[in-house]
2 protein chains.
Amino acid sequence: MLPRIYLAGPDVFLPDAAEMGDRKKRLCAKYGFEGVYPMDSEADLDGLSSRDAALRIGALNHDLIAGCDAVVAHVTPFRGPSADVGTVYEMGYGAGVGLIVCAYTNVAVDFTKRTAEFLRGNVHRASDGRLRDADGMAIENWQLVDNLMLESCVVRSGGHLVLHAAAADEVFTSLEGFEECLRLLR
Amino acid sequence: MLPRIYLAGPDVFLPDAAEMGDRKKRLCAKYGFEGVYPMDSEADLDGLSSRDAALRIGALNHDLIAGCDAVVAHVTPFRGPSADVGTVYEMGYGAGVGLIVCAYTNVAVDFTKRTAEFLRGNVHRASDGRLRDADGMAIENWQLVDNLMLESCVVRSGGHLVLHAAAADEVFTSLEGFEECLRLLR
């Protein structure tokens, strides 16, 4: 049986989400892996309330992850300076159940810089020496790609983090970084 | 030995982060728990590069979580429509290693509404019937508090999700929802 890779990412929000899943699976096959996409579970949502339908999808995704050997997470910033929280959650769950976690981002800009841009420069150096926003909340300044727990996850689990500066119209669709993760995993 | 609760949240970014940890630990003690705060590990960061220091802190946090029985996560929206990704990662890791995960938010507004506000109303109903943003990326519409994986995590792990509408100047500091999580856990 081929090693199974859970394909975490905001890809499921794309207009052509299913097609993106197929593209990723074909790349997985090229490198000797089986790609597992969140939409693979055929959830029967008939008759369920909105909340119950969501919980059913969530439960199936948990089970898909637990049945894999690795996660490759798409952590391009999504609606804010950080990665999509659903993706980040799946990195955590994957690491917790013992999977190797790789991640790629299509925006190769330091997290501190991205956060300052998101805050429109409304950042100051506080008396404790830390960068803080208008609410006084500190801004991480570790020269990393996102919150330190994400990079820690990748390193601890034995995975790889790949940065790729994609063109502006390809930040959610470029698969250069994804393919590099597969190369490194192999 | 008292059941140990990992105190996940953007609390560590507050100007008085250590004091917030002490407040949470006192509340934990009141309900028969031992609170474990991310800053509890005395990390010796001397001589480490910025990245290595961050990875050392991340490693210690992973170990703290693995040594606990439950997580209570503060998921108030942080720099965007969703919770802090560090916190979300820790929910995932905690669930993965078998902990009960509770969460509380101090903003009791539906995720879809919050996301539309974040996007300044730049949201449309696409031909597939889904709400989408200007990039065509779908907006979750499940009548939940955040991405569906977070609520799924709480339900599957046997935890509780508490919504509390805090005053604007207390969204990052109110502990009403936190204390309710402790009550429910007990």
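Preceding this section is the structure that the text describes.
Residue positions are given per chain, counted from 1 along the sequence in the order it is written. Written order determines the labels here, with chains lettered from A and ligands numbered from 1. It should be noted that, the model being predicted, local features are given only for residues of pLDDT at least 70 and side-chain atom pairs only at 80 or more, the latter also being counted only at that level, while totals for whole chains, interfaces and linings use all residues. Think of the side-chain values as coming from all heavy atoms in the structure, minus any hydrogens and water.

Participant: Describe helix α5 (residues 148–157) of chain A, naming the residues involved and giving the relevant values.
Facilitator: The buried label applies to any residue whose accessible area, calculated with a 1.4 Å probe on protein chains only, is under 20% of its type's maximum; exposed applies above 50%, and partly exposed to all values in between. Helix and strand assignments follow DSSP, with helices taken as H or I runs no shorter than four residues and strands as E runs no shorter than two, numbered in order from the N terminus. With eight of its ten residues buried, α5(A) lies for the most part within the structure. Restricting attention to buried positions, one finds in α5(A) the residues A:L148, A:M149, A:L150, A:E151, A:S152, A:C153, A:V154 and A:S157. Taken together, the buried residues of α5(A) touch α3 (85–96), β4 (100–105) and β7 (161–163) of chain A together with α2 (50–66) and α3 (85–96) of chain B. Here a polar contact means two N or O atoms within 3.5 Å. Within protein one must be a hydrogen donor candidate and the other an acceptor candidate, and residues neighboring in sequence count only if both atoms are side-chain atoms. Where α5(A) starts, the residue carrying a side-chain oxygen 2.9 Å from the main-chain nitrogen of A:M149 turns out to be A:N147. We call two residues contacting when some pair of their heavy atoms lies within 4.5 Å.

Participant: Break down unusual backbone geometry for me, with residues and values.
Facilitator: Unlike most non-glycine residues, A:R79 shows phi in positive territory, near 50°. Along the chain, A:R79 turns up in the loop between β3 (70–74) and α3.

Participant: An account of the pattern of salt bridges is needed here, citing residue identities and associated values.
Facilitator: Within this document, salt bridges are pairs made up of a side-chain nitrogen of Lys or Arg and a carboxyl oxygen of Asp or Glu, the two lying within 4 Å of each other. Tallied over the entire structure, the rule returns 20 salt bridges over all chains. Close ionic contact of B:K24 with B:D11 constitutes a salt bridge, the shortest N to O distance being 2.6 Å. Separated by 13 residues along the polypeptide, B:K24 in helix α1 (residues 17–30) and B:D11 in the loop between β1 (4–8) and α1 bring together distant segments of the chain. In terms of burial, B:K24 and B:D11 fall into one category: buried. With a shortest N-O distance of 3.5 Å, B:E117 and B:K113 are connected by a salt bridge. In this pair, B:E117 and B:K113 both sit in helix α4 (residues 111–118), four residues apart, roughly one turn of the helix. What emerges from the salt-bridge pattern is a single network uniting A:K30, A:E179, A:E180 and A:R183.

Participant: Quick rundown of the environment of A:D40? Include the residues and the values.
Facilitator: Residues and elements named next belong to chain A. Topologically, D40 is positioned in the loop between β2 (34–36) and α2 (50–66). With 21 residues separating them along the chain, D40 and N61 place their C-alpha atoms 8.9 Å apart. Discounting residues that sit within four places of it in the chain, D40 has contacts with K25 and G35.

Participant: Break down the state of the cysteines for me, citing the residues and quoting the values.
Facilitator: For the purposes of this analysis, a disulfide is any pair of cysteine sulfur atoms at a distance within 2.5 Å. One pass over the full model with this rule turns up zero disulfides over all chains. Residue A:C181 stays outside any disulfide, its sulfur separated by 5.0 Å from that of A:C102, the closest cysteine.

Participant: Just give me the short version of the interface of chain A and chain B, but keep the residues and values in it.
Facilitator: It is common to give the size of an interface as the accessible area lost on bringing the parts into contact. Counting residues at the interface gives 62 residues for chain A and 62 residues for chain B. Interface area for chain A against chain B, summed over the two sides, is near 4,900 Å², with a carbon-plus-sulfur share of 66%. Connecting chain A to chain B are six salt bridges. B:R51 is paired through a salt bridge with A:E151; the nearest N and O atoms lie 2.8 Å apart. One can count 22 residue pairs in polar contact (both at pLDDT 80 or more) joining chain A with chain B. For the side of chain A that touches chain B, the elements supplying multiple residues, two or more each, are α2, α3, α4 (111–118), β6 (131–133) and α5 of chain A. In this description, buried area is defined as the sum, over both parts, of the accessible area (probe of 1.4 Å) that is lost when the two are combined.

Participant: A description of the relation of the copies chain A and chain B should follow, citing residues and the corresponding values.
Facilitator: Residues below a pLDDT of 70 in either copy are left out; the C-alpha atoms of the rest, at least 70 in both, set the least-squares superposition of the copies. Note on the identical chains: chain A maps onto chain B by a rotation of 180° and an axial translation of 0.0 Å, with an RMSD of 0.0 Å. One copy is carried onto the other by what is essentially a two-fold rotation axis. Residue by residue, 100% of the interface of chain A is reproduced at the interface of chain B, so both copies engage with the same surface.

Participant: Could you give me a rundown of the sheet that holds strand β3 (residues 70–74) of chain B, with the residues and numbers involved?
Facilitator: Residues and elements named next belong to chain B. At least two DSSP bridges between two strands are required for those strands to pair. In space, the five strands of this open sheet follow the order β2-β1-β3-β4-β7, with parallel pairing throughout. Where the open sheet ends on each side, the last strands, each with one partner, are β2 (34–36) and β7 (161–163). Direction aside, the axes of adjacent strands within the sheet are offset by 20° on average. The pairing of strand β4 (residues 100–105) with β7 spans three bridges and is classified as parallel. Angular values range over 0 to 180 degrees, each being the angle between N-to-C directions of two axes fitted as lines to C-alpha atoms, with helices fitted over their stretch in contact.

Participant: I'd like to hear about the side chain of B:N61, residue by residue, with values.
Facilitator: Secondary-structure assignment places B:N61 in helix α2. The buried category is assigned to B:N61, whose relative accessible area is 6%. Once you skip the residues sitting within four places of it in the chain, B:N61 turns out to touch A:M149, B:Y6, B:P38 and B:E90.

Participant: I'd like a description of the pairing of strand β1 (residues 4–8) of chain A, backed by residues and values.
Facilitator: All names here are of chain A. The buried fraction of β1 amounts to five of the five residues, a majority that puts the element mostly inside the structure. Side chains of β1 alternate between two faces, with R4, Y6 and A8 and I5 and L7 buried alike. Looking at chain direction, β1 and β2 are connected through three bridges and run parallel. Within β2, the residue paired with Y6 across the bridge is V36. For the crossover from β1 across helix α1 (residues 17–30) to β2, the handedness is right-handed. With four bridges connecting them, β1 and β3 associate as parallel partners. In the strand pairing of β3, Y6 is matched with V71. Assignment of crossover handedness uses the view with strands pointing away from the viewer, where a clockwise path from the first strand over the helix to the second indicates a right-handed crossover.

By themselves, these are just geometric observations and shouldn't be taken as functional.
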